[in-house]
Structures are given as C-alpha cells and as structure tokens.
Amino acid sequence: MSSRVQFILIGMLGGFAFWGLFDAFEALEAWRLAVPALVGAGAFFFATLAMAADLRLRRAALSGAAIAAAAGGMAALKGLGFETGAQMLETGHLGVAMAVLAVLPVPFAIAFGLGGRAGLTDYRVLFTESWNIVVRYVSAGLFVATALLVLWLLGALLRLVDVTLLHDVLSDDLGLWLISGAVLGLAFSVVTELSDTVSPYLLLRLLRLLTPLVLCVVVVFVAALPLRGLGALFGEISAASALLATAIAAIGLISIVADEDDAEAAQGLILTLSARGLMVFVPVLAGLAIWALALRIAQYGWTPERVAASALAFVVAGYGLGYLAALGLGRRWRVALRRVNVAMALAILALAVLWLSPVLSPEAIAVRSQLARFEAGRATVAQLPLWEMGHDWGLAGQRGLERLRGRDEAVLAERLQQLETSEGRWQFDHAAETGAPALDRLRAAVTLWPAGAAWPAGLAERLAGDLRSPDLGGCAVAAGGGSGRCALVLTDLLPQVPGPEAVFLNATEFFRTDGVQVLRRREGGDWVRGGQIVLGDKETVSVAEMIAALRAGGGETAPVTLQVLRLGRWQVGMTP
C-alpha cells in the first residue's frame, strides 16, 4: 500500500472517529467517557500525523497511542471532579491543560525516536521539529480549507444540472468529516514527501525582524510607568493579561533569534542586542503581572481563572529568571538559553499533569477563598459567586454551597433559594437587582459627591435598572487611589433647568462607552440619560483617572462654548 493511501486512510479514520464521538457524545457522557475519548482521539491523530514525516508510520502510531492514553487518562481522572464533561470543558483552563498534554510531548517523542534518551535534551531537534509541526499543520489546514471551498463550488455547479450527489455528501456530517480527514491525510502525505522543502526557516527569519520593534515598545511602556503611575495601570483592563501576552511574545522572539544552534542563530548586532534586551525585560513584565494579579486577588479573592493566570505568570517568571541567569554567562548566553527552554518545556508538561490530577484543583482553591472572604466579612452575599459555584466550579462548588446552606442568614438563604429556582444566569442576576435590598447595595457601593449630599428621589432606581449584581460588586472595589470604582456626582450641567443633574462614573466598564453617563430629571420626576460630551487629550476614556481626580479635589463645573447649526428644533454641531 502506498504511503499516500495510508495517510488518506488515517485521515478518514480520524474523521470517522470524531464524527462518531460527537454523534454519541451524550451516550458517552453517561459513562463519563465523552471528554476523555475526544482528548485521546485528538492526541492520537495529531501526534501520528505530526510524527509520520520523521518516524515510520507504525512508530508514529505507537507513540501517538502512548500520548493519547496518557492525555485521555488524565482527562478522565479530572472529570471525576465535575458533574458533566461539558461543565469541565467550559472552564477553559482545563482545555488548555489537556491541549498541552496532548501536543507538547510530540516534539520530545520525535527526538526520542530519532536519538534515544539523548534526543530528549537535543535542542536542535526539539526546536526544529516543534516549528516543523507548526508549519506542516498550517499548510495542511490551508489545503483542507481550499479543497473544501473548491468542492463546495463544484457541488453548487453540479446542482445547476440537477446533479446533487456532491452537495449531498458535503451536507452530511459523516461525509464532511470523511472528506476533511481524507484531504488532511493527503496533505500530510505530500508534506512528508517534501519534508526537506517544507520548512519553517522562512517564517522564522521573518519573525526575527519583529524583535527590535517589540523591545522598543516594552522599553517605552516600562519608562512610562513612573509617569502614569501603577495605580492607574492596574485600574484599567486586565493588566495581567496584556503583560503576560507581551512576555510570552518576547519569549518566543528571543528563542527564534537564538534558533536551534549558534550556526543558525541571528548574527546581526541589532537582532542580538534586541534579544538580549528583551531577556532583561521578561522578568520585569512577569513581576508586574504577578503584582497585578495579587491586587485582583486581594480585592476579589481567588477564582479558577486567577489560579490559572497565576500559574502562567509564574511560568513566565521562570523563563525570565532563567534568561537573566543565561545573560550572566556572557558569550554562552545562547547555549544557556536553550537549556532553560528545554527545562521550562518539561516544567510546563509537569504542570499540565499536575493540573489534571486531583492534587491541584483551581475550583477548590476558589471555593475556599470565596468562603473565607465571606466568613471574614470582606465580601457580601451579593459578591459571592453563587452561580459559578453552582454551575461552573464542579463538585467543589457544590460542596461550597452545602457549607453556605448551613449558615443561618436570611439574605443568603434567599439567594440560595433563587439559585435553585432560576432557569438561567440572567434570571438569577435579575432576582438580585430588584427590591429594596438591591437599592441599599447600590447606595452603599456608589460614592456620592459632593460629600454629605442626599440621593435624589428616583435616581437609585434608575441606576439599578442598568447595573447588574456583579457590577455592584465591582463598584465596591478600590479604584483611582480610593475606596470605590463608581462615583455619582450631583452638579448643575444645565443652568436653564432647575435642580442638579447627575454624572455617573463607572470604572468597571472596561470595554463599553457607558463608563460615563449623564442623567437629567424630566418634568415628571423620572431620570433619563442625556447625551454626554466627554472631552480630553486622549481618545481612550479612563474613568479611573476621573475618579482619582474627583478625590483629589477636582469636579468643578466650567462653561464650554459650542457653535451649532440651527435646523428647526434641531441643533447640529461638532465637539472640539
């Protein structure tokens, strides 16, 4: 049997396997086998096709089976801590851990197959094969997408003459999976035949050119921190995410510049100095990310997502400290860097195994943290993540709810009852946003200015219609150097109208324009939103900076002259 036929058959077998697994997902879920089977199948076919170009197909399949057994087994073990496999997949961080366990061992398996035990630390093979896998799968994926598009167009053409066979096959789930698998197998057979031609060298050479640019941006960022202030930085969108993403990009570019060995490494002065400069800043970015996470955890407590982000931050810190040590070796910094990369890859693999074991449970850590904050009086009932505990955090969340049910508190008991009767998240949140308790929470969470002022009638009810319960929890967290992320300023913005208007500043609105709202009272007494004009020297509005300025003594009113074109009862103008 020719190699192309073998690859096509493997691809079709993979397509048939995934079609069957998705089709029988609910039946397999009853036996808690759906997710482990999907992970095992994905790991097997990914590894087999990835390794076939370097190892014989039989050895590639055997190695893929070993990786699949380990990944599927760990997924099955982790699944015991969740009510359903779907709940386990929805966590996100477990999906990443399963992907790492399925993908990361593949370059090591190729290196072991080519060089035995010594191959496990052969950086040249590990680096080259890792990037070969990326290029081969990208190439094969593009070919599959192109082939399916061509087949769809051909099917549409044949339908014009009442020949619907191709269209019917593509419209059938099984047919689409089989064709996709066959095309993927054919693509990999060609990639295997042209393994000397299809290489990552062009891509790596192009990516190297980004290193000076990234270094310049990082330098400007770090230099601007003292001018802008860390408080404003951590008051904006998730600073830790941006810092970690930048640090990971820097790690990738540094490794690309160092390449597989000194002969292939970049020799130019600019690229070399840029890589060495980024090696200095990786631990700085990691340290800032850890600081940002520490602030979030101190304010909100642990969640599974913050546990995962903290683990990633310490992995990045491990790279950063290793790179600093490599820089200390002078001219041998590239050799030391490659050793650090191998050690950290093995550490990440070990962390993925630990993450999927019963030893480490981010959900259990989150439950203990949230309950401790509540019992210590640092969190209210409204700030408890009850929905997440009941629907997202697996059996650990259920145990946390059982512990809360044992407490004799009327408000808590009411929310737990709402949790049991609510059919969806919106209904559960809406139940907490109505009535006098919700208005009391709003008045307690939002700082009213000027100090000593009373809430105008109807204004709290108007804001409660816009704010959800999680938003109120965010309002109570420090921002701009003070004790709240939301402020309500009563001021006279419309001199021709009696009574004050209201400016609501909400620093929890990271990605929406509703971070600044102006409200006015109509003749009937109810409050409505007006059209706000926000002027500043930046396009991005920083509500946290506004609140900080308010606490620093700002907030005075000032006239602004605008020229408008009168068109009947309408006025058209431009804001300066």
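Quick caveat: nothing in here was measured; it's all calculated off a predicted structure.

Quick look at the overall build of the protein chain now. Counting secondary structure elements, the protein chain contains 26 helices and seven strands. Burial status across the protein chain gives 44% buried among its 576 residues. Counting only contacts in the protein chain whose residues sit at least 6 apart along the sequence, the fraction spanning at least 24 positions is 68%. With the model as given, the accessible surface of the protein chain reaches about 29500 Å², and the carbon-plus-sulfur share is 65%.

Moving on, we come to the packing of helix H20 (residues 394-405) against helix H21 (residues 410-421). At a minimum axis separation of 10 Å, H20 and H21 run at an interaxial angle of 140 degrees. Taken together, the axes of H20 and H21 are oblique relative to one another. When you trace H20 past H21, the crossing you get is left-handed. Taken together, the residues of H21 that come into contact with H20 (itself represented by Leu401, Leu404 and Arg405) are Leu412, Leu416, Leu419 and Glu420. Its residues placed into classes, the contact of H20 with H21 shows five nonpolar, no polar and two charged.

Attention now moves to a negative patch on the surface. Among the surface-exposed residues, Asp23, Asp168, Asp172 and Asp173 lie close enough to one another that they form a single negatively charged patch. Position of Asp173 relative to the elements: it lies in helix H10 (residues 173-193).

Note on soluble globular proteins: their nonpolar side chains tend to be buried together. Residues Ile254, Leu278, Met279, Val316, Tyr323 and Leu337 are the most contacted members of the largest nonpolar core, which totals 41 residues. Listed by contribution, the elements that provide at least two residues to this core are helix H12 (211-228), helix H14 (239-258), helix H15 (269-300), helix H16 (304-327) and helix H17 (333-355). With 12 residues, H15 is the single largest residue contributor to this core. The contacts of Ile254, once residues within four sequence positions are left out, are Ala275, Leu278, Met279, Val282, Tyr323 and Leu337.

Further remarks concern the pairing of strand E4 (residues 516-521). Pairing geometry for strand E3 (residues 501-506) and E4, over four bridges, is antiparallel. Bridge pairing in E4 links Leu505 to Val516. Both E4 and strand E5 (residues 527-529) contribute to a ladder of three bridges, which runs antiparallel. Looking at the pairing, Arg520 lines up with Val528 of E5.

Quick look at the sheet that holds strand E1 (residues 447-449) now. Taking strand neighbours across the sheet as the criterion, the five strands line up as E1-E2-E3-E4-E5 in an open arrangement whose pairing is mixed. Every interior strand has two partners, whereas the edge strands, E1 and E5, have only one. For this sheet, the mean angle separating the axes of adjacent strands, direction not counted, is 25 degrees.

Now for the packing of aromatic side chains. In total, this model carries 10 aromatic pairs according to the counting rule given. Summarising the aromatic geometry, the rings of Phe18 and Trp177 are spaced 5.9 Å apart at their centres and angled 20 degrees between planes, so their arrangement reads as stacked. Here Phe18, found in helix H1 (residues 3-23), pairs with Trp177, found in helix H10; they are 159 residues apart in sequence, far enough to count as distant. On the basis of relative accessible area, Phe18 is assigned to the buried category, the value being 18%.

Moving on, we get to the confidence of the model for the protein chain. Here the protein chain averages 87 in pLDDT, and 88% of its residues register 70 or above. Predicted confidence is poor over residues 478-482, with pLDDT under 50, and the contacts of this stretch with residues over four places away or in other chains come to 14 contacts.

For the rest of this paragraph, the subject is helix H7 (residues 105-115). Within H7, eight of the 11 residues are buried, which leaves it mostly tucked inside the rest of the structure. Taken together, the buried positions of H7 are Pro105, Val106, Pro107, Phe108, Ala109, Ile110, Ala111 and Gly113. Each element contacted by the buried residues of H7 is listed here: helix H3 (34-51), helix H4 (57-79), helix H6 (93-103), helix H8 (123-159) and H17. Phi turns positive, to about 70 degrees, at Gly116, one or two residues after H7.

Attention now goes to the pattern of salt bridges. Under the counting rule described, the total for this entry stands at 12 salt bridges. Residues Arg405 and Glu402 are paired through a salt bridge, measuring 2.9 Å at the closest nitrogen-oxygen approach. Of this pair, Arg405 and Glu402 both sit in helix H20, three residues apart, roughly one helical turn. Overlapping salt bridges bring together Arg205, Arg208, Asp259 and Glu264 as one network.

Next up on the list: H15. Its 32 residues give H15 an end-to-end C-alpha distance of 46 Å, which sits within 8% of 46 Å, the value for a rise of 1.5 Å per residue. Along H15, the sharpest change in direction is near 30 degrees and occurs at Phe281; proline Pro283 comes one to four residues later. Of the residues trailing H15, Gly301 is marked for its positive phi of about 85 degrees.

Mapped onto the secondary structure, Arg373 falls in helix H18 (residues 362-375). This buried residue, Arg373, is left without a salt bridge; Glu388 holds the nearest opposite charge, at 11 Å. Within the local environment of Arg373, its side chain forms a polar contact with the backbone oxygen of Gln299, the two atoms lying 2.8 Å apart. Sequence-distant contacts of Arg373, defined by excluding residues within four places in its chain, comprise Gln299, Tyr300, Gly301, Arg378 and Ala379.

Within E3, six of the six residues are buried, leaving the element largely enclosed by the surrounding structure. By the alternation rule, side chains of E3 split into Glu501, Val503 and Leu505 and Ala502, Phe504 and Asn506, which are all buried. For strand E2 (residues 486-491) and E3, the ladder comprises six bridges, and the chain directions are antiparallel. Residue pairing across strands places Val489 opposite Val503, the latter belonging to E3.

In this section: the packing of H4 against H6. The relative placement of two packed helices is expressed as an angle between their axes plus a distance between the axes. Contact geometry for H4 and H6: axes closest at 9 Å, N-to-C directions at 160 degrees. Judged by the angle between their axes, H4 and H6 are roughly antiparallel. Pair H4 / H6 crosses with right-handed handedness. Mapping the contact onto sequence places Ile67, Ala70, Ala71, Met74, Ala75 and Lys78 in H4 and Leu94, Met98, Leu101 and Ala102 in H6.

To continue, consider the environment of Ala86. Here Ala86 lies in helix H5 (residues 85-89). Residues Ala86 and Phe25 lie 61 residues apart in sequence; the distance between their C-alpha atoms is 9.9 Å.

What follows covers the environment of Leu215. Mapped onto the fold, Leu215 is located in helix H12. Residue Leu215 is classed as buried on the basis of its relative accessible area, which comes to 15%. Taking the C-alpha atoms as reference points, Leu215 and Met279, separated by 64 residues in sequence, lie 9.7 Å from one another.

Calculation criteria
Residues numbered from 1 in each chain as written. Predicted model: local features only at pLDDT ≥ 70, side-chain atom pairs only at ≥ 80, totals over all residues. Heavy atoms only, no water. Helix = DSSP H or I, 4+ residues; strand = E, 2+ residues; numbered from the N terminus. Buried < 20%, exposed > 50% of the residue type's maximum accessible area, 1.4 Å probe, protein only. Contact = heavy atoms within 4.5 Å. Areas by Shrake-Rupley, 256 points an atom, 1.4 Å probe, with all protein chains shown as cover. Axes fitted to C-alpha atoms, helices over the stretch in contact; angles between N-to-C directions. Parallel < 35°, antiparallel > 145°, perpendicular 65-115°, else oblique. Left-handed = near helix turned anticlockwise from the far one by under 90°. Nonpolar A, V, L, I, M, F, W, Y, C, P; charged D, E, K, R; others polar. Patch = residues over 30% accessible without salt bridge, like charges linked within 9 Å, V, L, I, M, F, W, Y side chains within 5 Å. Salt bridge = Lys/Arg side-chain N within 4 Å of Asp/Glu carboxyl O. Lys, Arg positive; Asp, Glu negative; His and termini not counted. Charge placed at Lys NZ, Arg CZ, Asp CG, Glu CD. Core = buried A, V, L, I, M, F, W, Y, C linked by side-chain atoms within 4.5 Å. Pairing = 2+ DSSP bridges. Phe/Tyr/Trp six-rings, centres within 6.5 Å; stacked < 30°, edge-to-face > 60°. pLDDT = per-residue confidence, 0-100. Expected span 1.5 Å × (residues − 1). Bend = angle between axes of the 7 residues up to and from the residue. Polar contact = N/O pair within 3.5 Å; in protein donor to acceptor, adjacent residues only side chain to side chain.

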